[in-house]
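As a plain string of letters, each chain reads:
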Amino acid sequence: SQQGEEDPQALSIQEGENATMNCSYKTSINNLQWYRQNSGRGLVHLILIRSNEREKHSGRLRVTLDTSKKSSSLLITASRAADTASYFCGNYQLIWGAGTKLIIKP
Amino acid sequence: EPEVTQTPSHQVTQMGQEVILRCVPISNHLYFYWYRQILGQKVEFLVSFYNNEISEKSEIFDDQFSVERPDGSNFTLKIRSTKLEDSAMYFCASSATGNTEAFFGQGTRLTVV
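K.L.:
Help me understand the pattern of salt bridges in this model?
P.N.:
Two side chains with opposite charge may pair up if their charged atoms get near one another. The tally for this structure, following the rule as stated, stands at 3 salt bridges over all chains. A salt bridge links Glu55(A) to Arg62(A), with the shortest nitrogen-to-oxygen separation between them at 3.0 Å. Here Arg62(A) falls in the partly exposed class, since its relative accessible area comes to 30%. Between Arg36(B) and Glu44(B) there is a salt bridge whose closest N-O contact spans 2.9 Å. Glu44(B) matches Arg36(B) in its accessibility class, with the two residues each being buried.

Quick look at the structure:
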């Protein structure tokens, strides 16, 4: 299977805390992309990290990629209520799983 | 800001009927994709399309499915003889190259009754 997995499946934290979610995959990739999905809506592109990059930042988001372990992590710092959503990692036809459901409690 | 648009937003069809889901990718993009998501669960890749032909397809994309780029702007997914289990959200996406961001449309919710 070329599927991957996001971990944890669900995460509930207090507003202001940091949220970390992970993505593991099985095959070689040229990049890995993280997306956010609010309930019933489309996937919104957050960040792309290429296979020759180890870390990338965008605002409150920090993504790491370890190609030797075939894993990536997404860190959201200083979480807000609006960050409540499901988060997916994917690479075109590869990876894609059930996502991490993030709930930010006020 | 350029975006991927999908129509219709919701389609209800009778079991056994054919449906066509439509997508307008971002205008300068060359790679196109279809995915489905059942009940807010995992995202499943269906097919990718480049240079007027299918480049990759999953096990889900069997003879029931077909894709077409009928003109310079539209990209369609046809599902023949729909089944109850085809009920899902179908997402179209496009990317400029095979190593750049893939942007998704808002999806078409397909309900087969």
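K.L.:
Whenever I open this one, the sheet that holds strand 8 (residues 75-79) of chain B confuses me. Can you help?
P.N.:
Neighbouring strands of a sheet are bound in pairs by backbone hydrogen bonds; such pairs are parallel or else antiparallel. Residue and element names in this part refer to chain B. The strand order 1-3-8-7 describes an open sheet built from 4 strands, whose pairing is antiparallel. With one partner strand each, in any of the chains shown, strand 1 (5-7) and strand 7 (65-68) form the two edges of the open sheet. In this sheet, neighbouring strand axes are inclined to one another by 20 degrees on average, regardless of whether the strands run parallel or antiparallel. Sheet topology note: the strand 1/strand 3 (residues 19-24) ladder contains 3 bridges and is antiparallel. Among the inter-strand pairings, Thr 5 is bridged to a residue of strand 3, identified as Val 24.

K.L.:
Would you explain the interface of chain B and chain A in this entry?
P.N.:
Buried accessible area, meaning the area lost when the parts come together, often serves as the stated size of an interface. The interface is formed by 22 residues belonging to chain B together with 19 residues belonging to chain A. Surface buried jointly by chain B and chain A totals about 1,700 Å² across both partners, of which 53% is contributed by carbon and sulfur atoms. The interface formed by chain B and chain A holds 0 salt bridges in total. The tally of links from chain B across to chain A stands at 14 residue pairs in polar contact (both at pLDDT 80 or more). If you list the elements that add at least two residues to the side of chain B that touches chain A, you get strand 4 (31-37), strand 5 (43-50), strand 9 (88-95) and strand 10 (102-104) of chain B.

K.L.:
Is there a simple way to think about the state of the cysteines in this case?
P.N.:
In protein chemistry, a disulfide is the covalent bond that joins the sulfur atoms of two cysteines. All names here are of chain A. Enumeration over the complete set of coordinates arrives at 2 disulfides over all chains. Note on cysteine connectivity: Cys 23 is disulfide-linked to Cys 89, with sulfurs 2.0 Å apart. An S-S torsion of about 80 degrees defines the bridge between Cys 23 and Cys 89 as right-handed. In this pair, Cys 23 sits in strand 3 (residues 19-24) while Cys 89 sits in strand 9 (residues 85-90), placing the two residues 66 residues apart along the sequence. According to the relative accessible area criterion, Cys 23 is buried, its value standing at 1%.

K.L.:
I tried to follow the environment of Ile38(B) on my own but got confused; where do I start?
P.N.:
Residues and elements named next belong to chain B. Its place among the elements puts Ile 38 in the loop between strand 4 and strand 5. Residue Ile 38 is classed as partly exposed on the basis of its relative accessible area, which comes to 26%. A sequence separation of 58 residues divides Ile 38 from Ala 96, and the C-alpha atoms of the two residues are 27 Å apart. Sequence-distant contacts of Ile 38, defined by excluding residues within four places in its chain, comprise Glu 44, Glu 85, Ser 87 and Ala 88.

K.L.:
Explain the packing of aromatic side chains to me, please; I cannot follow it from the model alone.
P.N.:
How two aromatic rings sit relative to each other is set out by the distance from centre to centre and by the angle between their planes. Applying the stated criterion across every chain, the model contains 14 aromatic pairs over all chains. Between Phe61(B) and Phe65(B), the aromatic rings sit 5.7 Å apart at their centres with planes inclined by 25 degrees, giving stacked as the arrangement. In this structure Phe65(B) comes out as buried when scored by relative accessible area, which is 4%. A connected cluster of aromatic rings, assembled from ring pairs, spans Tyr35(A), Tyr92(A), Trp96(A), Tyr33(B), Tyr35(B), Phe45(B), Phe91(B) and Phe104(B).

What counts, and at which threshold
- Residues numbered from 1 in each chain as written.
- Chains lettered and ligands numbered in written order.
- Predicted model: local features only at pLDDT ≥ 70, side-chain atom pairs only at ≥ 80, totals over all residues.
- Heavy atoms only, no water.
- Salt bridge = Lys/Arg side-chain N within 4 Å of Asp/Glu carboxyl O.
- Buried < 20%, exposed > 50% of the residue type's maximum accessible area, 1.4 Å probe, protein only.
- Pairing = 2+ DSSP bridges.
- Helix = DSSP H or I, 4+ residues; strand = E, 2+ residues; numbered from the N terminus.
- Axes fitted to C-alpha atoms, helices over the stretch in contact; angles between N-to-C directions.
- Contact = heavy atoms within 4.5 Å.
- Buried area = accessible area lost by both parts, 1.4 Å probe.
- Polar contact = N/O pair within 3.5 Å; in protein donor to acceptor, adjacent residues only side chain to side chain.
- Disulfide = S-S within 2.5 Å.
- Phe/Tyr/Trp six-rings, centres within 6.5 Å; stacked < 30°, edge-to-face > 60°.

Interpretation in functional terms is not warranted from these geometric data alone.
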